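Coordinate analysis (summary)
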Amino acid sequence: MNRLGQKERSMKSLLLFSKTKMKSLLFCVVFLELVWFGYGHDQSRNHHPLAPAFFIFGDSLVDSGNNNYIPTLAKANYLPYGIDFGFPTGRFCNGRTVVDYGAMYLGLPLVPPYLSPVSIGGNVLKGLNYASAAAGILDETGQHYGARTTLNGQISQFEMTIQLQLQPFFQNPADLRKYLAKSIIAINIGSNDYINNYLMPDRYSSSQIYGGKEYATLLIKTLSAQISRLYNLGARKMVLAGSGPLGCIPSQLSMVKGKNSSGCVTKINNLISLFNSRLKDLPNTLNKTLPGSLFIYQNFYALFHDMVVNPSRYGLVVPDKACCGGGRYGGALTCLPLQQPCMDRHHYVFWDAFHPTEIANKIIAKNTFSKSTKYSYPISFYELAKL
């Protein structure tokens, strides 16, 4: 079966989950968010955080629940998602995402989703998460899923946050500028521009218009303009996360017959490498045009690829199969409502057809959102926060 047919099967299966149940689940999610964020149950709060706030932009790898509130097929507000978090939050994971751990390293509480009812008043001062599942750098990316907030849209939401929610807390404009300049801006996006655009020729024309190098250049050119928008709004400290090895994820493995010696699809990984190499070089260009800006590049690709090739090095056992999914490698169908996931989740690299498990996210964060410089260029996340 081709990838288009597999995607449609997943979508139809999700639609079978009744609207009534979805509404009930959404009510529960909102209630639990109010309890969690409203009463400070997050133990990562610190009286002396490394940064005043953490603002997150991206896709389903870091979405903390924004898609719960928009009409889209790209949702994760049902069990077994969130099974190890305590309840389904809208995170595409069994537990916490990599930016959840990033917030912990900063000494900040978990960052609430922008569209959540809890994201009001003083709750926004520690940061907001604008990430939206199925979103991409390009506006058309992921449109077959329905609504999603593109990166351009997320930046517009950030602008509204500054004007309508943050400014009232700062009587002196200089104080607001200082607050924004000290805050950390995390950008983790680009994967969907491949798996939900370029690699879907039946739905999108991008692969017929652009070669691999040209497409990567288009993405970086677009992203550069978007980063400039963030800079003009006051952002100064920015973290650019490279895309992971998409040729290793269960979704892609389920659609091909041949893999390389590392167990991945070389052609797809080569495309991602074209994007990542340009993304790593982007700060060199932006530093010349955006005075006072500070960037680090997180090499998620190299780290995650090593986790897939050498899982035992990280205490993992299953590097190529989804803990919750269906078909080959658990990647032909996404994790469905109330599906029984694997029991030994701490041994799996992948939670579903596309996303890492909580333990994988924890390992990634330990190596990229900490004092380590092995996968962070040119300085560590910790050093960036301290500047």
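Provided above is the structure to which this section pertains.
This report concerns the structure included in the present document.

Rules of the game
Residues numbered from 1 in each chain as written. Predicted model: local features only at pLDDT ≥ 70, side-chain atom pairs only at ≥ 80, totals over all residues. Heavy atoms only, no water. Helix = DSSP H or I, 4+ residues; strand = E, 2+ residues; numbered from the N terminus. Buried < 20%, exposed > 50% of the residue type's maximum accessible area, 1.4 Å probe, protein only. Contact = heavy atoms within 4.5 Å. Axes fitted to C-alpha atoms, helices over the stretch in contact; angles between N-to-C directions. Parallel < 35°, antiparallel > 145°, perpendicular 65-115°, else oblique. Left-handed = near helix turned anticlockwise from the far one by under 90°. Nonpolar A, V, L, I, M, F, W, Y, C, P; charged D, E, K, R; others polar. Salt bridge = Lys/Arg side-chain N within 4 Å of Asp/Glu carboxyl O. Disulfide = S-S within 2.5 Å. Pairing = 2+ DSSP bridges.

Take the overall build of the chain next. A count of helices and strands for the chain gives 13 helices and 7 strands. Residues classed as buried in the chain amount to 60% of the 387 residues present. Long-range contacts, defined here as pairs at least 24 residues apart, represent 74% of the contacts in the chain between residues at least 6 apart.

A separate point is the packing of helix 4 (residues 151-166) against helix 5 (residues 173-182). One can describe the packing of helix 4 onto helix 5 by two numbers: an axis separation of 12 Å at closest approach and a directional angle of 140°. By the criterion of interaxial angle, the relationship of helix 4 to helix 5 is oblique. Every pair of crossing elements has a handedness; the one defined by helix 4 and helix 5 is right-handed. Of helix 5, the residues touching helix 4 (which contributes F158, I162 and L166) are L176, Y179 and L180. Its residues placed into classes, the contact of helix 4 with helix 5 shows 6 nonpolar, no polar and no charged.

Following L79, the chain continues to P80 via a peptide bond in cis, the omega torsion being 15°. Going from Y377 to P378, the amide bond is cis rather than trans, its omega being 0°. Looking at where P378 falls in the secondary structure, it is placed in the loop between strand 7 (376-377) and helix 13 (381-386). The phi dihedral of A134 falls on the positive side, at around 80°, and the residue is not glycine. Considering the arrangement of structural elements, one finds A134 in the loop between helix 3 (98-106) and helix 4. Positioned with a positive phi, Y329 is a non-glycine residue whose angle comes to about 60°. With respect to the element layout, Y329 can be found in the loop between strand 5 (318-322) and strand 6 (348-350).

The next thing to look at is the side chain of N197. Locating N197 in the fold gives a position in helix 6 (residues 192-198). Residue class for N197 comes out buried when judged on its relative accessible area of 0%. When near neighbours in sequence (up to four residues on either side) are disregarded, N197 contacts L138, E140, T141, N192, Y204, S206 and Y215.

The next subject is the pattern of salt bridges. Tallied over the entire structure, the rule returns 4 salt bridges. In this structure, R91 engages D100 in a salt bridge whose closest nitrogen and oxygen atoms are separated by 2.7 Å. By the burial criterion, R91 is buried, and D100 matches it. Of the charged contacts in the structure, one is a salt bridge between K321 and D320, with a shortest N-O distance of 3.7 Å. According to the relative accessible area criterion, D320 is buried, its value standing at 17%.

Applying the stated criterion to the full structure yields 3 disulfides. The partner cysteine of C324 in its disulfide is C335, sulfur to sulfur 2.0 Å. Note on the C324 and C335 pair: the S-S dihedral is about 70°, so by sign convention the disulfide is right-handed. Linking C324 in the loop between strand 5 and strand 6 with C335 in the loop between strand 5 and strand 6, this pair joins segments that are 11 residues apart in sequence. Accessibility assignment for this pair places C324 and C335 in one class, buried.

When you tally the buried positions in helix 12 (residues 358-368), you get 8 out of 11 residues, the bulk of the element. Among the residues of helix 12, those classed as buried are E358, A360, N361, I363, I364, A365, N367 and T368. Buried residues along helix 12 sit against helix 3, strand 4 (294-298), helix 11 (300-309), strand 6 and helix 13.

Another aspect to go through is the sheet that holds strand 7. Ordered in space as 1-2-3-4-7, the 5 strands form an open sheet in which the pairing is mixed. Whereas interior strands pair on both sides, the edge strands pair on one side only; in this sheet they are strand 1 (54-58) and strand 7. Of the strand pairs in this sheet, strand 2 (residues 184-188) and strand 3 (residues 237-241) are connected by 4 bridges, and their pairing is parallel. Bridged to I184 within strand 3 is K237.

Quick look at the pairing of strand 5 now. Within strand 5, 4 of the 5 residues are buried, which leaves the element mostly enclosed by the surrounding structure. Both strand 5 and strand 6 contribute to a ladder of 2 bridges, which runs parallel. Residue A322 lies in a different strand from strand 6, and its bridge partner there is F350.

Here we come to the packing of helix 4 against helix 8 (residues 212-232). Each packed pair of helices is defined by two parameters, the angle between the axes and the distance between the axes. Between helix 4 and helix 8, whose axes approach to 10 Å, the crossing angle comes to 5°. In terms of orientation, helix 4 and helix 8 fall into the roughly parallel class. Each of L151, N152, I155, S156, F158 and E159 in helix 4 lies in contact with helix 8, whose residues at this interface are L223, Q226, R229 and L230. Considered class by class, the residues forming the contact of helix 4 with helix 8 number 5 nonpolar, 3 polar and 2 charged.

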